[in-house]
Amino acid sequence: MSTVWVKRNKNRTKLKDDVTLLLEKAAAWDWLGQKDAPVLLKPNLVVNKPASAGATTTPDIAEGLIEWLADHNYLNIIIAEGSGVGFSTTKAFDVCGYTSLAQKFNIPLIDLQKEDSVIRKTPMGEIKICTTIAGIEADGGSLINLPLVKGHGQTRMTCALKNLKGCIPNTEKRRYHTLGIHKPIAYLNTCIKPAFALADGLNPDPYWEEGGKPQKLDLLLLAKDPVAMDSYACRLLGFSDEEVEYLCLADKLGIGNGHTSDSDIENLDNTTIENIFSRHDQEEIKQWINSIVDQRAACSSCFGNLSSALRNIRENNPNLKTQIFPSLCIGQAFKGRHLSSNQRGIGVCTVLKGNIVFQKNKLDSLGR
């Protein structure tokens, strides 16, 4: 089934009611396993920032889902996440409101960064996934994906498919970037198959995965097909499936159906909703960053921090001349390599005698 159910929510006091309405209209109980089997909720808590920053899943969405599950006698509920490399999941649980949510409903929180892993074989080779995630499948349980519709500095966008990257250990996340992030994301979705995805499109940052520039979209999305959901998310963000490599590959692998059309969208408000965000200054800034940064095999969190610093410089100095910047190198591909005189290393992967590592304060000084 490739239908994407869409509901507007402009009144946050009715958010849990709208979550229930979506789930009921889609008869989402048909997608779940046995009532006594575990149900794992996987939000997007990539950074330690509240949902208001546009980077993490709104906890009230999870709360509405928990109450709906309980009403349908699904009581064995777990919340699990593995935040981005360099960030603490435990702190993210606290800052993002999931610690208090878990305490309210007496639900265990599992930090996937602290877990062992098991191996799954795919056509692209072996992939490691966290033991709790593997256990859900073995126990006949259900994983419910709670992603955001938001932009991404490396992959253009992230939603249902890429959110599963939080289900693998940090070592595997780093390895994905050495392989080229798109292919591993697609093949990961052949190993982990959520029951459905309920996406937060309330006030996401349409350009950057770590938030900072949220914009009101006021949407909730629900789909069993993660490819269809991500395809529609592309339309919302203003670009096509073809501009997201892992989405096209997931479509070819048969994980779901992309290139959503109006006939695939079940809009509960009967209003036209697409191309909400236009490509404007932030897209130009992205292009500028990519013109001065060589990010071979860079992890998302490292590149995200660098992008944030450069973004602030450019926004505060719109007439800044690119020529004052050296070529900035970041990523695992630079380990053990000497850089040329017109290159500068960013981060620990480029630390080597003879290289110059820029810190954020040095970047800031360039913008003055």
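Located above this text is the structure these notes cover.
Residues numbered from 1 in each chain as written. Predicted model: local features only at pLDDT ≥ 70, side-chain atom pairs only at ≥ 80, totals over all residues. Heavy atoms only, no water.

Undergrad: Summarise the overall build of the chain; cite the residues concerned and give the values.
TA: Counting secondary structure elements, the chain contains 13 helices and 16 strands. Looking at the chain as a whole, 58% of its 368 residues qualify as buried. Sequence separation of 24 or more characterises 72% of the internal contacts of the chain that already satisfy a separation of 6 or more. Carbon and sulfur atoms make up 48% of the accessible area of the chain, which amounts to about 15200 Å² in all. (Helix = DSSP H or I, 4+ residues; strand = E, 2+ residues; numbered from the N terminus. Buried < 20%, exposed > 50% of the residue type's maximum accessible area, 1.4 Å probe, protein only. Contact = heavy atoms within 4.5 Å. Areas by Shrake-Rupley, 256 points an atom, 1.4 Å probe, with all protein chains shown as cover.)

Undergrad: Please provide a residue-by-residue account of the packing of aromatic side chains, values included.
TA: Evaluated as defined, the whole model comprises 2 aromatic pairs. Consider the rings of Trp-5 and Trp-31, whose centres lie 5.9 Å apart with planes at 55°: the pair is tilted. One end of the pair, Trp-5, is in strand E1 (residues 4-8); the other, Trp-31, is in the loop between helix H1 (15-25) and strand E2 (39-43), with 26 residues separating them in the sequence. Residues Trp-5 and Trp-31 agree in their burial class; the two are buried. For the ring pair Trp-31 and Phe-196, a centre distance of 5.4 Å and an interplane angle of 55° mean the geometry is tilted. Of this pair, Trp-31 sits in the loop between H1 and E2 while Phe-196 sits in strand E10 (residues 196-201), and the two are 165 residues apart along the sequence. Cluster of aromatic residues (ring-pair linked, three or more members): Trp-5, Trp-31 and Phe-196. Above the plane of the ring of Phe-239 lies Arg-156, whose end atom (NZ or CZ) is 4.9 Å from the centre. (Phe/Tyr/Trp six-rings, centres within 6.5 Å; stacked < 30°, edge-to-face > 60°. Lys NZ or Arg CZ within 6 Å of the ring centre and 35° of its normal.)

Undergrad: Tell me about the pattern of salt bridges, and please be specific about residues and values.
TA: For the structure shown, the criterion picks out 12 salt bridges. With a shortest N-O distance of 3.4 Å, Glu-67 and Lys-16 are connected by a salt bridge. Here Glu-67, found in helix H2 (residues 59-71), pairs with Lys-16, found in helix H1; they are 51 residues apart in sequence, far enough to count as distant. Salt-bridge contacts for Asp-262 lead to Arg-235; the nearest nitrogen and oxygen are separated by 2.8 Å. In this pair, Asp-262 sits in the loop between helix H10 (245-252) and strand E12 (265-267) while Arg-235 sits in helix H9 (residues 226-237), placing the two residues 27 residues apart along the sequence. A relative accessible area of 56% places Asp-262 in the exposed class. Among the ionic contacts, a cluster of salt bridges with common partners joins Lys-16, Glu-63, Glu-67 and Lys-104. (Salt bridge = Lys/Arg side-chain N within 4 Å of Asp/Glu carboxyl O.)

Undergrad: Go over the nonpolar core, please, and point to the residues and values.
TA: Core analysis: the biggest nonpolar cluster contains 50 residues, and Met-157, Ile-192 and Leu-221 have the highest contact counts within it. Top contributing element to this core by residue count: H9, with 8 residues. (Core = buried A, V, L, I, M, F, W, Y, C linked by side-chain atoms within 4.5 Å.)

Undergrad: Lay out the packing of helix H8 (residues 182-191) against H10 with the relevant residues and their values.
TA: Taken N-terminus to C-terminus, the directions of H8 and H10 make an angle of 40°; their axes are 8 Å apart at the nearest point. Two packed elements cross with a definite hand, and for H8 against H10 that hand is right-handed. Seen from H8, the contacting residues are His-182, Lys-183, Ile-185, Ala-186 and Tyr-187; seen from H10, they are Glu-245, Tyr-246, Leu-249 and Ala-250. (Axes fitted to C-alpha atoms, helices over the stretch in contact; angles between N-to-C directions. Left-handed = near helix turned anticlockwise from the far one by under 90°.)

Undergrad: Please set out the environment of Leu-202 residue by residue, giving values where relevant.
TA: You can see Leu-202 is positioned in the loop between E10 and strand E11 (219-223). Taking the C-alpha atoms as reference points, Leu-202 and Ser-52, separated by 150 residues in sequence, lie 9.3 Å from one another. If we skip the residues at most four places from it in the chain, Leu-202 touches Asn-9, Arg-12, Leu-15, Thr-58, Ile-61, Gln-215, Lys-216, Leu-217, Asp-218, Leu-219 and Leu-220.

Undergrad: Account for the packing of H2 against helix H4 (residues 98-105), with residues named and values stated.
TA: Running from N to C, H2 and H4 cross one another at 20°; their axes reach a closest spacing of 10 Å. In terms of orientation, H2 lies roughly parallel with respect to H4. The crossing of H2 and H4 is right-handed. Facing Pro-59, Ala-62, Glu-63, Ile-66 and Glu-67 of H2, the residues of H4 in contact are Tyr-98, Leu-101, Lys-104 and Phe-105. (Parallel < 35°, antiparallel > 145°, perpendicular 65-115°, else oblique.)

Undergrad: Residues and numbers for the sheet that holds strand E3 (residues 77-81), please.
TA: Ordered by their spatial adjacency, 8 strands build an open sheet running E4-E3-E2-E7-E10-E11-E1-E12, and the pairing between neighbours is mixed. The open sheet terminates on both sides in strands that have one partner only, identified here as strand E4 (109-111) and E12. Looking at each pair of strands side by side, their axes are set apart by 20° on average, direction ignored. Two elements, E2 and E3, share 3 bridges in a ladder whose sense is parallel. Opposite Leu-40, over in E3, you have Ile-78 as the bridge partner. Across the sheet, H9 touches E1, E10, E11 and E12, and the angle it forms with E11 is around 155°. (Pairing = 2+ DSSP bridges.)

Undergrad: How would you sum up the layout of surface pockets? Please name residues and give values.
TA: The volume enclosed by the second largest pocket comes to roughly 250 Å³. Around the second largest pocket, the lining is made up of 16 residues, and of these Pro-194, Lys-224, Asp-225, Pro-226 and Ile-255 lie nearest the centre. Considering only residue class, the lining of the second largest pocket consists of 9 nonpolar, 4 polar and 3 charged. (1 Å grid on protein atoms, 1.4 Å probe; cavity = no way out; pocket = protein on both sides within 12 Å on 5 of 7 lines; lining within 4 Å. Points joined across faces, edges and corners; volume = space filled by probe spheres on them. Nonpolar A, V, L, I, M, F, W, Y, C, P; charged D, E, K, R; others polar.)

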